[in-house]
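# Examination of the molecular architecture
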Amino acid sequence: MSTEERLPLEGIRVLELGTLLAGPFAGRLFGDFGAEVIKIEAPDKGDPLRQWGQEKDGIGLWWPIQSRNKKSITLNLREEEGQETFKDLVKEADIIIENFRPGTMEKWNLSYETLSEINPGIIMTRTSGYGQTGPYKGRAGFGSVGEAMGGIRHVTGFPDRPPSRIGISIGDSLAALFSMIGTLTALNERHHSGKGQVVDTAIYESVFSVMESMIPDYLLADYVRERMGNILPNVAPSNIYKTKDGTFVVIGANADGVFKRLCEAMEQPKLYDDPRFHTHLARGKNIHEIDDLIEKWTMQHDSGYVLNILAEKGVPSGLIYSVKDIIDDPHYKEREMVIKRDHPTLGEFPMPGIVPKLSRTPGEVKYVGAEFMGQHNKEVYGGLLQYDDEKLQRLKERQII
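Now for a quick tour of the structure. (Residues numbered from 1 in each chain as written. Predicted model: local features only at pLDDT ≥ 70, side-chain atom pairs only at ≥ 80, totals over all residues. Heavy atoms only, no water.)

For the chain, the helix and strand inventory stands at 17 helices and 13 strands. Residues counted as buried form 45% of the 401 residues belonging to the chain. Restricting to contacts in the chain with at least 6 residues of sequence separation, those with at least 24 account for 67%. For the chain, the exposed surface amounts to about 21300 Å²; the carbon and sulfur share of it is 52%. Positive and negative charge centroids in the chain, built from 48 and 58 side chains respectively, lie 1 Å apart. (Helix = DSSP H or I, 4+ residues; strand = E, 2+ residues; numbered from the N terminus. Buried < 20%, exposed > 50% of the residue type's maximum accessible area, 1.4 Å probe, protein only. Contact = heavy atoms within 4.5 Å. Areas by Shrake-Rupley, 256 points an atom, 1.4 Å probe, with all protein chains shown as cover. Lys, Arg positive; Asp, Glu negative; His and termini not counted. Charge placed at Lys NZ, Arg CZ, Asp CG, Glu CD.)

Following this line, the structure appears as structure tokens:
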């Protein structure tokens, strides 16, 4: 294989600890781009994600996606012999990903200070609810709580109803993305210093980081953003609009030039010159009036016509897709965003493709997540660490692996 054919993170070895979402999702992203990801589970209790999601023939349908491209080993980190085995793995690794409550690794005698003495280049990526410092560091922290304390729950939903959640685990996913960004940054820095470091990602901070201008809105303009349903405060038009055939179309035309093109698509060009709508600020103040005018137009046409004329005029718009719409969409297919890989029990297994797309060294999904815990024990312990069969048997008998 030539250098250009190598996956971009090939040669990087990741030890993935932790369970469920934030840590393992970061590990999945590394695996997508070629890193060797070794997923470590306790011998007596696997990752609960193995049972999450809908089931097919008794198999959880989330696990094969989240653990794709990963090798599965078992290791009891609560025992000294398991800790020593983990240290042997650290000698051969570049990155440790963990998402335990802060202090857990230290309790197991596996602090960053201890591990960096063994491998000065090791990068420890630590994802938790509140981070490794601060008065809340010891609290249990799930993604849902991070979403609440990070501010996103307060602004999600409609003003006449309690705060709502987004239909996915967005807090954990955002934390995983920031963890990967931090880890890649630390990897790049290591090229210059030769040293690793700790990447400290808090779920609530990951959510807070995407909250736009919420802080200066409050501190400088005395404005607290509240739940606004499908609109953004002072940004119009940007909403969903019902069509004649009963579907909803999302239209985003808040920029001046785009709004002018929307007026042309509606065959109402004079709307653009109306003082109520001519500027961004004016449209923001008259958000309900402009939304009513647009929906009056969309209700006269089927969604197909609305989408076609808006596309022709260069106005961002789209349907609100269900998963069925996604599967049927030709653009998803062309972009290979729904891929299939063989599953040992379920056969062809569909899952999301890789994001982002790299032009020369794109990522790859080689296989779905390991079907059973410890599937790669022999390969990792016997191959990478050169443990002989006698030692492997002893570790197994002692329930270390």
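Still more to cover.
This paragraph deals with the pairing of strand β2 (residues 36-41). In terms of burial, β2 is largely enclosed, as five of its six residues are buried. Two elements, strand β1 (residues 13-16) and β2, share four bridges in a ladder whose sense is parallel. Across the sheet, E16 pairs through a bridge with K39, a residue of β2. Note on the crossover from β1 through helix α1 (residues 22-32) to β2: the handedness is right-handed. Bridging between β2 and strand β5 (residues 70-74) involves five bridges; their strand directions are parallel. Residue pairing across strands places I40 opposite I73, the latter belonging to β5. (Pairing = 2+ DSSP bridges. Right-handed = clockwise from strand over helix to strand, strands pointing away.)

Packed helix pairs are specified by the crossing angle of their axes together with the interaxial distance, meaning the distance between the axes. In contact at an axis separation of 9 Å, helix α10 (residues 256-265) and helix α13 (residues 303-313) are set at 135° when each is read in the N-to-C sense. Our classification of the angle between α10 and α13 gives oblique. Relative to α13, the crossing made by α10 is right-handed. Where α10 abuts α13, its residues R261, L262, E264 and A265 lie against I309, L310 and K313. Its residues assigned to classes, the contact of α10 with α13 comprises four nonpolar, no polar and three charged. (Axes fitted to C-alpha atoms, helices over the stretch in contact; angles between N-to-C directions. Parallel < 35°, antiparallel > 145°, perpendicular 65-115°, else oblique. Left-handed = near helix turned anticlockwise from the far one by under 90°. Nonpolar A, V, L, I, M, F, W, Y, C, P; charged D, E, K, R; others polar.)

In this section: the pairing of strand β6 (residues 95-98). Neither face of β6 is left uncovered, since the one carrying I95 and I97 and the one carrying I96 and E98 both have all their residues buried. One ladder, built from three bridges, connects β1 with β6; its direction is parallel. Of the residues in β6, the one forming a bridge with L15 is I96. In this sheet, strand β7 (residues 123-128) lies alongside β6 in parallel orientation, the contact comprising four bridges. The partner of E98 across the bridge, within β7, is R126.

To continue, consider the packing of aromatic side chains. Applying the stated criterion to the full structure yields seven aromatic pairs. Considering the side-chain rings of F100 and W108, the 5.2 Å spacing of their centres and the 80° angle between planes classify their relative orientation as edge-to-face. When sorted by exposure, F100 lands in the same class as W108, which is buried. For the ring pair F259 and Y272, a centre distance of 6.3 Å and an interplane angle of 40° mean the geometry is tilted. Note that F259 is positioned in helix α10 and Y272 in the loop between α10 and α11 (280-285), a separation of 13 residues in sequence. R161 extends its terminal NZ or CZ atom over the ring of F158, reaching a point 5.0 Å from the ring centre. (Phe/Tyr/Trp six-rings, centres within 6.5 Å; stacked < 30°, edge-to-face > 60°. Lys NZ or Arg CZ within 6 Å of the ring centre and 35° of its normal.)

Moving on, we get to α10. Listing the buried residues of α10 in full gives V258, F259, L262, C263 and A265. All buried residues of α10 fall inside an arc of 160° around its axis, so they share one side. Where α10 is buried, its residues contact β10 (248-252), α11, α12 (287-298) and α13. After α10 finishes, the residue E267 shows a positive phi value of roughly 60°. (Arc of directions from axis to C-beta.)

Pairing is antiparallel across the open sheet formed by three strands, whose spatial order is β9-β10-β11. Two strands in the sheet have a free side with no partner beyond their single neighbour: β9 (238-242) and β11 (317-319). Each strand of the sheet is rotated relative to its neighbour by a mean of 25°, with strand direction disregarded. Note: β9 against β10, five bridges, orientation antiparallel. Looking at the pairing, K242 lines up with F248 of β10. With respect to the sheet, α12 is in contact with β9 and β10, its orientation differing from that of β9 by roughly 35°.

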